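# Report on the structure
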Amino acid sequence: MIYNLALLGHPVSHSKSPEIHTGFFREGGLKGGYICLDTLPKDLEKNIKSLQELGFKGVNLTIPHKQAGLKLVDYASEEAQLIGAANTLIFEDNGKIKAENTDWIGFQKAINDLQWTEQSNISRNALIIGAGGSARAILLTLLKMQFKQIGVLIRNTDSSKQNAQGLKLLFDKYFESQGISSSDCAFVIASLDEIDQNKTGLLFEQIDLIVNSTPVGMSGFDTKQASYDASGEKQSPISERQINLITNTNCIFYDLIYNPIETEFLRLAKTKGFQTRNGYSMLYDQAAEAFKLWTGFQPKYFQL
Ligand code: NAP
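Computed from a predicted structure; not experimentally measured.

Before going further, it helps to examine helix α10 (residues 264–271). Along an α-helix, residues three or four apart share an orientation, since each turn contains 3.6 residues. Along α10, the residues classified as buried are Glu-264, Phe-265, Leu-266, Leu-268 and Ala-269. Those residues of α10 that are buried are in contact with β7 (125–129), β10 (209–212), α9 (240–243), β11 (252–255) and β12 (275–277). Gly-273, located one to two residues past α10, shows a positive phi value of around 90°.

Spelled out as structure tokens, the structure:
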């Protein structure tokens, strides 16, 4: 069997996915390859169909195709539907295309590997910074892991406010789909500007996990868009003063960004003695999960 796979996105030249998947092929002794195909939105449907006709087993979708891809398939997993985005399409032998989202599993595996205190998830509080596409996958993971309080910190833009309402809808739909009450989980949306005014209250002081799901701090990201006054490479979605408000010394800082290896957000947290982790583990684990869906082979962890 030959497993030909591809990544469709725009841009895709910077992607680490081919390297990661090449490692999986080697480890599993499987035949095939993983290519990057720079794809503009207008060409997405055409490229998916062409690769399917060429006998590819599936594709990964990245920015800006994760939402659009979901509309081009025959059916989707419950998780992809809840998140409203697909990062993995599986071309089935019967000609049908299935959409999956492995980002949430990648994040779950990544945070399961962290050094947590003994307490159980049902007493844990988490904060997500940002409300975009990846925040939806993060929220689903935290709901599945039964976190007690989940806060979302957003900047003061129409798009952030609208996306945050979308997260609230995801929250409601999740509990509805499980047929259980949402009363054991508190969901709070707050403005990044409100942290200093302590409007987020106890949630902020007693958090166990804080996740940066914004591109702030990413290599090449425009400094002028940073949410507080920072210069040069020193961009963090929250300031040092705000980090000082976190009183739980066991709080874990997770940044979805993996380039640079240590963002300003993680650097500041590390200086204060907090446990930190960058987004490589999530990137790797979502790729491993997709590879398993296409080939049946479960790769082990390796660092590029
Ligand atoms: P996205 O859909 O564009 O969402 C970005 C979010 O960040 C939006 O809510 C946006 O708010 C907010 N934001 C942007 N600039 C901000 C600022 N200066 N201050 C506060 N908030 C700001 O992007 P995404 O797909 O969620 O990706 C976010 C990051 O995660 C990227 O760096 C991406 O590379 C990374 N990522 C990593 C993995 C992994 O496997 N490790 C997976 C997915 C994504 P507005 O709506 O107001 O602009």
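Here helix α5 (residues 103–112) crosses helix α11 (residues 280–295) at 125°, and the two axes come no closer than 7 Å. Taken together, the axes of α5 and α11 are oblique relative to one another. Crossing geometry of α5 relative to α11 is assigned as right-handed. Across the interface between the two elements, Asp-103, Ile-105, Gly-106, Phe-107, Lys-109 and Ala-110 of α5 pack against Ser-281, Met-282, Asp-285, Gln-286 and Glu-289 of α11. Looking at the contact of α5 with α11 residue by residue, the classes come out as four nonpolar, three polar and four charged.

Here we take up the sheet that holds β7. Ordered in space as β9-β8-β7-β10-β11-β12, the six strands form an open sheet in which the pairing is parallel. Each of the sheet's edge strands pairs with one partner strand only, and the pair in question is β9 (186–191) and β12. In this sheet, neighbouring strand axes are inclined to one another by 15° on average, regardless of whether the strands run parallel or antiparallel. One ladder, built from four bridges, connects β10 with β11; its direction is parallel. Of the residues in β11, the one forming a bridge with Leu-209 is Ile-252. Each of β7, β8 (149–154), β9 and β10 touches helix α6 (residues 133–144); the most contacted strand, β7, lies at about 175° to it. Against the sheet, α10 makes contact with β7, β10, β11 and β12, and its axis sits at roughly 165° relative to β11, the strand it touches most.

Along the chain, Thr-249 falls in the loop between α9 and β11. Between the C-alpha atom of Thr-249 and that of Phe-291, which follows or precedes it by 42 residues, the distance is 37 Å.

When helix α2 (residues 44–53) is considered as a whole, its buried residues turn out to be Leu-44, Asn-47, Ile-48, Leu-51 and Gln-52. Axial view of α2: buried residues confined to an arc of 135°, hence all on one face. In α2, the exposed positions that point more than 90 degrees away from the buried face belong to Lys-46 and Glu-53. One or two residues past the end of α2 sits Gly-55, with phi positive at roughly 90°.

Here we come to the domain arrangement of the chain. If you check the domain split of the chain, you get domain 1 (2–103 + 282–295) and domain 2 (105–279). Surface buried jointly by domain 1 and domain 2 totals about 1,500 Å² across both partners, of which 62% is contributed by carbon and sulfur atoms. Among the residues of domain 1 in contact with domain 2, Leu-82, Ile-83 and Met-282 are the three that bury the most area, contributing 45% of the side total. Taken together, the connections running from domain 1 to domain 2 amount to two salt bridges. A salt bridge links Glu-79 to Lys-144; the shortest N-O distance between them is 2.9 Å. Viewed at the interface, domain 2 and domain 1 are joined by 12 residue pairs in polar contact (both at pLDDT 80 or more). When contributions to the side of domain 1 that touches domain 2 are tallied by element, the ones reaching two or more residues are α4 (78–83) and α11. Broken down by element, the side of domain 1 that touches domain 2 gets its largest block of residues, five residues, from α11.

Below, the discussion takes up the packing of aromatic side chains. Under the definition given, this model contains 12 aromatic pairs. Plain terms: the ring middles of Phe-107 and Tyr-254 are 5.4 Å apart, the flat faces sit at 85° to each other, and that makes the pair edge-to-face. With Phe-107 in helix α5 and Tyr-254 in strand β11, this pair connects stretches of sequence that are 147 residues apart. We note that Phe-107, like Tyr-254, is buried.

Criteria and cut-off values
- Residues numbered from 1 in each chain as written.
- Predicted model: local features only at pLDDT ≥ 70, side-chain atom pairs only at ≥ 80, totals over all residues.
- Heavy atoms only, no water.
- Buried < 20%, exposed > 50% of the residue type's maximum accessible area, 1.4 Å probe, protein only.
- Helix = DSSP H or I, 4+ residues; strand = E, 2+ residues; numbered from the N terminus.
- Contact = heavy atoms within 4.5 Å.
- Axes fitted to C-alpha atoms, helices over the stretch in contact; angles between N-to-C directions.
- Parallel < 35°, antiparallel > 145°, perpendicular 65-115°, else oblique.
- Left-handed = near helix turned anticlockwise from the far one by under 90°.
- Nonpolar A, V, L, I, M, F, W, Y, C, P; charged D, E, K, R; others polar.
- Pairing = 2+ DSSP bridges.
- Arc of directions from axis to C-beta.
- Domains from an automatic or database assignment.
- Buried area = accessible area lost by both parts, 1.4 Å probe.
- Salt bridge = Lys/Arg side-chain N within 4 Å of Asp/Glu carboxyl O.
- Polar contact = N/O pair within 3.5 Å; in protein donor to acceptor, adjacent residues only side chain to side chain.
- Phe/Tyr/Trp six-rings, centres within 6.5 Å; stacked < 30°, edge-to-face > 60°.

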